[in-house]
Amino acid sequence: MSTGETIRLVMLAFGAGLALPLALQLFLTLRTAQRTITSTRVRMERTLDGLDGVINRIQAPTNQTLSAVGAALVPAAVAAFKAWRESSSETESSVAAEEKNTTTPRENGHART
């Protein structure tokens, strides 16, 4: 073997000795990353499915609650309006009756003293 061939053989062995562990480490790192990404994706999908269920449970009672509140408010508003009309008509009639009963002579807009 000549010196040139020996140098080439040493360089090849050095390259193989360096490349083989690097390639193995790269393979192991990429495999671990792939497994981590896969397990994270599965957990994220489960979490998002759970959140969808929670959101559906939250939204369903909200619609029912709003319809129940609306069903209770309409009769209450009608009753309040009727009570207001009745009280305002009673107040007007009592004011008119009081005006008829109180007859005080007035001159120039002032009551006599």
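Residues numbered from 1 in each chain as written. Predicted model: local features only at pLDDT ≥ 70, side-chain atom pairs only at ≥ 80, totals over all residues. Heavy atoms only, no water.

Student: How would you sum up the overall build of the protein chain? Please name residues and give values.
Tutor: Helices and strands together make up the secondary structure of the protein chain, namely one helix and two strands. In the protein chain, the succession of helices and strands from N to C terminus is α-β-β. Counting over 113 residues, the protein chain shows a buried share of 0%. For the protein chain, the accessible area works out to roughly 10,200 Å², and carbon and sulfur atoms hold 65% of it. (Helix = DSSP H or I, 4+ residues; strand = E, 2+ residues; numbered from the N terminus. Buried < 20%, exposed > 50% of the residue type's maximum accessible area, 1.4 Å probe, protein only. Areas by Shrake-Rupley, 256 points an atom, 1.4 Å probe, with all protein chains shown as cover.)

Student: Give me the lowdown on a nonpolar patch on the surface, citing residues and values where you can.
Tutor: A cluster of nonpolar side chains, contributed by Met1, Leu9 and Leu12, occupies part of the molecular surface with about 380 Å² of accessible area. Residue Leu9 is classed as partly exposed on the basis of its relative accessible area of 46%. (Patch = residues over 30% accessible without salt bridge, like charges linked within 9 Å, V, L, I, M, F, W, Y side chains within 5 Å. Salt bridge = Lys/Arg side-chain N within 4 Å of Asp/Glu carboxyl O.)

Student: Pulling in residues and values, what's your account of the pattern of salt bridges?
Tutor: Oppositely charged side chains can pair when the atoms bearing their charge come close. Using the criterion set out here, one finds one salt bridge in the structure. Linking Arg41 and Glu45 is a salt bridge whose minimum nitrogen-to-oxygen distance equals 3.4 Å. Of this pair, Arg41 and Glu45 both sit in helix α1 (residues 3-101), four residues apart, which is roughly one turn of that helix. Overall, Arg41 belongs to the partly exposed group, its relative accessible area being 45%.

Student: Describe the environment of Thr40, and please don't skip the residues or the numbers.
Tutor: When you line up the elements, Thr40 lands in helix α1. Judged by its relative accessible area of 31%, Thr40 falls in the partly exposed class. At 2.7 Å, the side chain of Thr40 and the backbone oxygen of Thr36 are in polar contact. (Polar contact = N/O pair within 3.5 Å; in protein donor to acceptor, adjacent residues only side chain to side chain.)

Student: So what's going on with the confidence of the model for the protein chain? Which residues, and what values?
Tutor: Across the protein chain, the average pLDDT comes to 82, with 75% of residues at or above 70. Mean pLDDT across the elements of the protein chain bottoms out in strand β1 (residues 106-107) (54) and peaks in α1 (85). (pLDDT = per-residue confidence, 0-100.)

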